[in-house]
2 protein chains.
Amino acid sequence: MTHVFDEAIAVAAKPDGVFHATTHDAYDNMVGPFGGITAATVINALQQHPEILGNPLALTINYAAPVANGTWDLRPVIVRTNRTNQHWTFTIEQEGSVVSTGSAVFGIHRETWADTEAQRPDAPDPESVAAVDFPDFIAWARNYDKRFVVGGLEDGKSEDSTSTVWLRDLPERPLDYPSLTSMADAFFPRVFLRHGTYMPAGTITLTTYFHATPDELAAHGSGHVLGTARAARFGNGHFDQDGQLWGGDVLLATTHQLVYFKDPQG
Amino acid sequence: MTHVFDEAIAVAAKPDGVFHATTHDAYDNMVGPFGGITAATVINALQQHPEILGNPLALTINYAAPVANGTWDLRPVIVRTNRTNQHWTFTIEQEGSVVSTGSAVFGIHRETWADTEAQRPDAPDPESVAAVDFPDFIAWARNYDKRFVVGGLEDGKSEDSTSTVWLRDLPERPLDYPSLTSMADAFFPRVFLRHGTYMPAGTITLTTYFHATPDELAAHGSGHVLGTARAARFGNGHFDQDGQLWGGDVLLATTHQLVYFKDPQG
């Protein structure tokens, strides 16, 4: 049986180089699809491209306009293939209009000196943290097991925008680059936590750096991923949000986004 | 007299919508121009575009191939203009070949709830920190007054990749979006600090979020900017690098990049 995530990120390659995708209502957000599933679909498509070099290293996706529920076309362009990396740009189009743009870097993992400086946040085992539900109007969140170590919305407003949360596909699914891409956008907007409430907000641009190797993803399997996210500055209608995704002691990905928001009373 | 930075970021708008630029040897890096000056030139050009909406909010630039010294063409595309923001993509071309790609978001600053969560690093006044020089082969660095609070290369190798540094254009120049863009790339690759030496490394993709308003930049004037940067994970030929730029207590910009490196002996 196909996992709902795989249904949602499925693409059909067309002879003209375009990938055809369809939004899946299991990953609906308040308006249109969850941005994470759109980004994951891009990575899934590029991984299937016959000329792809290596694995995802970086992805930037710009949400220029709302994606309408229905079909969309991904138009990828290979800009340049170097010895160890490959640069792509892409657009996402609906009815001839560009709704998203972006760029991706794929590449080869070479053995080099290595060290992780970032510190994994302290967290009790996922089994000892209660799973929570999001409201029904956030359909995509039903496809994640979510266990907040700190910064769950059920705790009300907080002076600190940090959320640390155990995340896992529901039902379980082995972690791969598309699912990591989607999880990088699974942190609700930090402004919700500061105000203790849902409010109008949406990602404008999202950048994720993939640190995990295919071997690390395989070793991780379908276990819980520990995510942590925090904002640096809110104001003038925008804020940024930085996140990390950890699999055990392995920093799988770092992720950054700029988010639009309106005051609840605004 | 024109400041050398303004000479370096100068562009000529052509009737076909292309901006024509020329590399400036004062901003040379080890190979080709300093990436920060290329990014700053893009922001400078977009700000001059007759259809620009508001001010820079986000920039992603992908360094796909080395930029050769000489002339280059910036080909900007307005993807979408929303009520409060505007999405752009661009390519940088030399002799018909794309050497860089990228995307930018410009927009309007609206008055909203505001807070800065990030903490400015502790630093003594710039006057009490010694200015340092970089080696001659890093020409661009001569155009910055650089005073390392922590993490200067002259201290040798460090177990912590953090550099905190007072930065200012040399000669002094009022801070604006292009100069902030350039400073966001003025942190040397973090792998140098971990190894205490220069080694082969280069930015693959750079994303900067601009938090500063025009009024904040004007209030800052030509004072020192406090920059801080750190890596999260090194390995497999790449590492990430996150930075902040502060003007007094104002978080002016946050910046992220993915960097390619080779082991010194590799």
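Here the structure is a predicted model, which is why all the values come from computation and not from measurement.

Thresholds, definitions, all that
- Residues numbered from 1 in each chain as written.
- Chains lettered and ligands numbered in written order.
- Predicted model: local features only at pLDDT ≥ 70, side-chain atom pairs only at ≥ 80, totals over all residues.
- Heavy atoms only, no water.
- Helix = DSSP H or I, 4+ residues; strand = E, 2+ residues; numbered from the N terminus.
- Rg over C-alpha atoms; globule rule 2.2 N^0.38 Å.
- Buried < 20%, exposed > 50% of the residue type's maximum accessible area, 1.4 Å probe, protein only.
- Contact = heavy atoms within 4.5 Å.
- Areas by Shrake-Rupley, 256 points an atom, 1.4 Å probe, with all protein chains shown as cover.
- Pairing = 2+ DSSP bridges.
- Polar contact = N/O pair within 3.5 Å; in protein donor to acceptor, adjacent residues only side chain to side chain.
- UniProt positions renumbered as here; feature names shortened; annotations may be inferred.
- Least-squares fit on C-alpha atoms with pLDDT ≥ 70 in both.
- Buried area = accessible area lost by both parts, 1.4 Å probe.
- Salt bridge = Lys/Arg side-chain N within 4 Å of Asp/Glu carboxyl O.
- Expected span 1.5 Å × (residues − 1).
- Patch = residues over 30% accessible without salt bridge, like charges linked within 9 Å, V, L, I, M, F, W, Y side chains within 5 Å.
- Phe/Tyr/Trp six-rings, centres within 6.5 Å; stacked < 30°, edge-to-face > 60°.
- Lys NZ or Arg CZ within 6 Å of the ring centre and 35° of its normal.
- pLDDT = per-residue confidence, 0-100.

Caption draft 1: Structural context of the overall build of chain A. Helix and strand counts for chain A come out as 5 helices and 14 strands. In terms of C-alpha radius of gyration, chain A reaches 18 Å, essentially the compact-globule figure of 18 Å for 266 residues. Seen along its three principal axes, the alpha-carbon backbone of chain A occupies a region of about 50 × 45 × 40 Å. A total of 266 residues make up chain A; the buried ones form 61% of that total. Sequence-distant contacts in chain A: of pairs separated by 6 or more residues, those separated by 24 or more amount to 68%. When the accessible area of chain A is evaluated, it comes to approximately 10,000 Å², of which 48% is carbon and sulfur surface.

Caption draft 2: Expanded view of the pairing of strand S14 (residues 250-261) of chain B. With 11 of 12 residues buried, S14 of chain B is to be regarded as a mostly interior element. Connecting strand S13 (residues 238-247) of chain B to the next strand, S14 of chain B, in antiparallel fashion are 2 residues, including glycine 248 of chain B with a positive phi near 60°.

Caption draft 3: Main features of the environment of arginine 80 of chain B. All names here are of chain B. With respect to the element layout, arginine 80 can be found in strand S4 (residues 71-81). On the basis of relative accessibility, which here comes to 30%, the residue arginine 80 falls in the partly exposed class. Sequence separation between arginine 80 and aspartate 176 is 96 residues, and the spatial gap between their C-alpha atoms is 25 Å. A distance of 2.9 Å separates a polar atom in the side chain of arginine 80 from a polar atom in the side chain of asparagine 82.

Caption draft 4: Just the UniProt feature "domain: Acyl-CoA thioesterase-like N-terminal HotDog" (unreviewed entry) in chain A, in detail. UniProt tags residues 30-107 of chain A as "domain: Acyl-CoA thioesterase-like N-terminal HotDog" (unreviewed entry). Note that residues 30-107 of chain A is 18% helix and 53% strand, and that its end C-alpha atoms are spaced 35 Å apart.

Caption draft 5: Representation of the relation of the copies chain A and chain B in the model. Rotating chain A by 180° and moving it 0.0 Å along the rotation axis overlays it on chain B with an RMSD of 0.0 Å. Here the copies are linked by what is in effect a two-fold axis.

Caption draft 6: The interface of chain A and chain B, seen in detail. Contact residues are listed per partner, giving 66 residues for chain A and 66 residues for chain B. Carbon and sulfur atoms supply 53% of the area that chain A and chain B bury against each other, a total of about 5,400 Å² over both sides. When the area that chain A buries against chain B is broken down by residue, the three leading residues are Trp113, Glu117 and Arg233 of chain A, summing to 16%. Across the chain A-chain B interface, the total number found is 8 salt bridges.

Caption draft 7: Summary view of helix H2 (residues 35-48) of chain A. Residue and element names in this part refer to chain A. Over its 14 residues, H2 runs 20 Å from end to end, which matches the ideal 20 Å to within 8%, given 1.5 Å per residue. Taken across its 14 residues, H2 has 12 buried, putting it largely inside the fold. Among the residues of H2, those classed as buried are Gly35, Gly36, Ile37, Thr38, Ala39, Ala40, Thr41, Val42, Ile43, Asn44, Ala45 and Leu46.

Caption draft 8: Main features of the environment of asparagine 236 of chain B. On the secondary structure map, asparagine 236 of chain B appears in the loop between strand S12 (233-235) and S13. Along the sequence, asparagine 236 of chain B and tyrosine 260 of chain B sit 24 residues apart, while their C-alpha atoms lie 9.3 Å from each other. Filtering out sequence-adjacent residues up to four positions away, asparagine 236 of chain B remains in contact with Ile108, His109, Arg110, Thr112, His211 and Thr213 of chain A.

Caption draft 9: Examining a nonpolar patch on the surface more closely. Where nonpolar side chains cluster on the molecular surface, the patch consists of Met30, Val31 and Phe137 of chain A and spans about 310 Å² of accessible area. Positionally, valine 31 of chain A belongs in the loop between strand S2 (19-22) and H2.

Caption draft 10: Broad picture of the pairing of strand S6 (residues 97-107) of chain A. Residue and element names in this part refer to chain A. Burial analysis of S6 places 9 of its 11 residues in the buried class, the great majority of the element. Relative to S6, strand S3 (residues 55-63) runs antiparallel, the two being bridged by 8 bridges. Its bridge partner being in S6, threonine 60 is matched across the sheet by serine 103. Both strand S5 (residues 85-94) and S6 contribute to a ladder of 10 bridges, which runs antiparallel.

Caption draft 11: Representation of the packing of aromatic side chains in the model. Tallied over the full model, the rule gives 30 aromatic pairs over all chains. Taking 5.0 Å as the distance between ring centres and 40° as the angle between the ring planes, the aromatic pair formed by phenylalanine 234 of chain B and phenylalanine 239 of chain B counts as tilted. Its relative accessible area of 1% is what places phenylalanine 234 of chain B among the buried residues. Taking the relative accessible area as the measure of exposure, phenylalanine 239 of chain B reaches 0% and is therefore buried. An aromatic cluster of at least three residues, connected via ring pairs, comprises Phe34, Phe134, Phe137, Trp140, Tyr144, Phe148, Phe188, Phe192 and Tyr198 of chain A. Of note, arginine 190 of chain B hangs over the ring of phenylalanine 188 of chain B, and the distance from its end group to the ring centre comes to 4.7 Å.

Caption draft 12: Examining the side chain of glutamine 244 of chain B more closely. All names here are of chain B. Within the secondary structure layout, glutamine 244 lies in strand S13. Here tryptophan 246 takes part through its side chain, which lies 3.0 Å from a polar atom of the side chain of glutamine 244. Not counting chain neighbours up to four residues away, the residues in contact with glutamine 244 comprise Ala118, Gln119, Phe187, Leu226, Gly227, Thr228, Leu251, Ala253 and Thr254.

Caption draft 13: Main features of the confidence of the model for chain A. Here chain A averages 96 in pLDDT, and 99% of its residues register 70 or above. Here the predicted complex scores 0.98 on pTM and 0.98 on ipTM.

Caption draft 14: Molecular detail of the pattern of salt bridges. Inspection of the entire model under this criterion finds 26 salt bridges over all chains. Across the pair glutamate 216 of chain B and arginine 233 of chain A runs a salt bridge, and its minimum N-O distance is 2.7 Å. Of this pair, glutamate 216 of chain B sits in helix H5 (residues 214-220) while arginine 233 of chain A sits in strand S12 (residues 233-235), each in a different chain. Between aspartate 136 of chain B and arginine 142 of chain B there is a salt bridge whose closest N-O contact spans 3.8 Å. Take aspartate 136 of chain B: its relative accessible area is 65%, and that puts it in the exposed class.

Caption draft 15: Main features of the UniProt feature "domain: Acyl-CoA thioesterase-like C-terminal" (unreviewed entry) in chain A. Per the UniProt record, the feature "domain: Acyl-CoA thioesterase-like C-terminal" (unreviewed entry) sits at residues 126-260 of chain A. Here residues 126-260 of chain A is 15% helix and 40% strand, with 31 Å between the C-alpha atoms at its ends.

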